[in-house]
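Observations on the three-dimensional arrangement
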Amino acid sequence: MLRTILKSPAPVRCIQSSLYRGAVFRPAAMRAFSASAIASHGHIHKPKPGEELHITFITKDGEQIKVEAAQGDNLMDIAQAHGLDVEGACGGSCACSTCHMIIDPEYYDEMEEPSDDENDMLDLAFGLTETSRLGCQVKMTPELDGVRVALPAMTRNLQAKDFNR
Amino acid sequence: MNRVAVVGSGPAGFYTILRILKKRAVHVDLFEALPVPYGLTRFGVAPDHPEVRNCQERFAEVAGSPHFRFYGNTTVGKDVSVSQLLQNYHAVVFAYGAETSRGLNVPGSQLPGVISARDFVGWYNGEPAKQGLKFTLDRTEDVSIVGNGNVALDVARVLLRQPDDLRSTDMPEHAIAALTKSTVKKVHIVGRRGPVQSAFTTKELRELLVEPQVQLDPIVNLTEYIELAKPLGRAEKRKMELLLKGSTSPSAQRTWSLDFMQSPSEFKGEGDLLQSIEWTINTFAPGSKSDVVPTEKSVTTPTDLAVLSIGYKSVELPGMKEAGMTFIKDKGILENHRGHVTGVPGAFAAGWLKTGPTGVIASTMMDAFSVGDEVVSYLESVANTKLPGADDLDLPYAVSWNDWLEIDRQEIDRGKSYGKPREKFVSVPDMLNAL
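Cut-offs used in this document
- Residues numbered from 1 in each chain as written.
- Chains lettered and ligands numbered in written order.
- Predicted model: local features only at pLDDT ≥ 70, side-chain atom pairs only at ≥ 80, totals over all residues.
- Heavy atoms only, no water.
- Pairing = 2+ DSSP bridges.
- Helix = DSSP H or I, 4+ residues; strand = E, 2+ residues; numbered from the N terminus.
- Axes fitted to C-alpha atoms, helices over the stretch in contact; angles between N-to-C directions.
- Contact = heavy atoms within 4.5 Å.
- Buried area = accessible area lost by both parts, 1.4 Å probe.
- Salt bridge = Lys/Arg side-chain N within 4 Å of Asp/Glu carboxyl O.
- Polar contact = N/O pair within 3.5 Å; in protein donor to acceptor, adjacent residues only side chain to side chain.
- Nonpolar A, V, L, I, M, F, W, Y, C, P; charged D, E, K, R; others polar.
- Domains from an automatic or database assignment.
- Buried < 20%, exposed > 50% of the residue type's maximum accessible area, 1.4 Å probe, protein only.

A word on the sheet that holds strand β11 (residues 262-270) of chain B. All names here are of chain B. Read across the open sheet, the three strands follow the order β11-β12-β13; overall the sheet is antiparallel. Each of the sheet's edge strands pairs with one partner strand only, and the pair in question is β11 and β13 (292-302). Strand-to-strand twist of the sheet, defined as the mean angle between neighbouring strand axes without regard to direction, takes the value 20 degrees. Bridging between β11 and strand β12 (residues 273-284) involves eight bridges; their strand directions are antiparallel. Bridging from a neighbouring strand, Glu270 pairs with Leu273 of β12.

Another point: the interface of chain A and chain B. With 27 residues of chain A in contact, the opposing surface of chain B contributes 31 residues. Contact between chain A and chain B buries roughly 2,700 Å² in total, counting both sides, with carbon and sulfur atoms accounting for 55%. Applying the counting rule to chain A against chain B returns eight salt bridges. Note that Asp120(A) is salt-bridged to Arg206(B), the shortest N-O span being 2.6 Å. In this structure, the connection of chain A to chain B is made through twelve residue pairs in polar contact (both at pLDDT 80 or more). Among the residues forming the side of chain A that touches chain B, the class breakdown is eleven nonpolar, eight polar and eight charged.

Here we come to the domain arrangement of chain B. Residue and element names in this part refer to chain B. Segmenting chain B into domains produces domain 1 (2-99 + 314-399) and domain 2 (102-308). The gap between the C-alpha centroids of domain 1 and domain 2 is 32 Å. With 15 residues of domain 1 in contact, the opposing surface of domain 2 contributes 18 residues. Inspection of the region where domain 1 meets domain 2 yields four salt bridges. Taking the shortest distance from any N to any O, the salt bridge between Asp170 and Arg53 comes out at 2.6 Å. Here domain 1 is connected to domain 2 by eleven residue pairs in polar contact (both at pLDDT 80 or more). Within the side of domain 1 that touches domain 2, the residues separate by chemical class into eight nonpolar, two polar and five charged.

Right, let's get into unusual backbone geometry. All names here are of chain B. Between Lys230 and the following residue, Pro231, the backbone shows a cis peptide bond with an omega angle of 0 degrees. The residue Pro231 is located in the loop between α9 (222-229) and α10 (234-245) in this model. With a phi angle near 60 degrees, Asn73 is a residue other than glycine that sits in the positive phi range. Looking at the secondary structure, you find Asn73 in the loop between β3 (68-71) and α4 (82-88). Residue classification places Asn73 among the buried residues on the basis of a relative accessible area of 17%. The phi dihedral of Asn221 is positive, around 60 degrees, even though this residue is not glycine. Residue position: Asn221 is located in the loop between β9 (214-216) and α9.

What follows is the structure, given as structure tokens:
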């Protein structure tokens, strides 16, 4: 399903999907995008006027954060540039699973299949879902305008063995 | 402002600090026994996996905080005591990892032809304590690695790859020279359980399967093992599919095998080379697909060198017991509840000292974040009394963060003449002489 650039920012809807168990869609917690939220790291481009692509990140606390992004930038860099809690231990080189994100199923199908290398890393991600991706491997395209992306809870008291399977 | 001491500058230490500093304004002093930071990301991660070391950039960012100080070349338990740290800081996080290996108590395991993967990895990564070691690579054709985790696959890859391919990595010159003279033709990786239960990850397996001039022997009874273990999880399924496909290289200078359901029962050798290993054949224990028991059957295979890769192990620091901490020897961990060291308020364990030596950097990171959260909530509950931190410690030989940056600069500089990212200093005196 193609989406146009002109489409208004994604409406806040409640998704009845078990995939989103960890991320409650709570309109009350919505926060407007603000340019001042840009932190020191993450390497992103300023979108050209009229070509802004919209993303709604859903934090592990259920907060919705709407951002505008440029085509070609990846979800990890975008999230980090907006101060979101995404670590990216390997610096976006597809060598760890710390930028694991859960993609709105409606948009997941618009994306290319993850590569073998990405799947190898997703195998190690905690709380893997059917629409999981590594943020560093998903580049924004016009088709993804309006996508919602949930950041999985990071700080559960994990056992190392949770990662062995 | 609260003062926090962290012992050990690997991923567990740095990620704990990152988390604490993100949530609360505290002073953090990081104690590291070596003059150089980063622990196993410097001395454990394979040189041909530079992307895994990218986390060091983040650690350097953390170290740039005005509330952070580095005390390198400072051994806790020797240069400063555990009790002194507990007195001088509101919280102390022990994150010094697992510096020794699990041993194997079978006849012949003390022979010189039986080495630990930890030693070999430390040697090829320039770890100072491992630099005196000599390996018989120039007289060895057949290597058997006991254990099949990612460390085993790292060791196998280093032994199987063309040494020329390692020249562009930061593997120290002495190791590249020794590997260039290597006569190794065959590497066996032997696990006590089946392929589905193997501990290596798909990424590491894929890497070896696509390595040019290197071939994996077909695995005996692979489909039977898979049938027995069904249903498989996603990761297991992908790993087994890869094993079924096998190597992609059409020709081979070196070969390797994955052998399963065997545990070594005796090493036999003469001088510094082994001659053979006797293996007990295991069988799956009834009612359990993961656990195995030994049978009466055994098999003997000829081999020149055995590498034990059956796990790392933490050690207790002098003074821990006196401070009231319990080190659980068989698990190699400090007794703790969610990172709080049992019986000693304000003392925390993080990383492999807390969880045991398993998992990748990502799992250590998440666990360190959870310990960081525990430290922060603990600090919120304690009185903010004035404590001296490192101010009254006598540490004349401590290496500062700026000192490390100078060592770092010189290592990168030395690397340039070899066309590699860095040529490490491999002894503590060399590191200190750089200053």
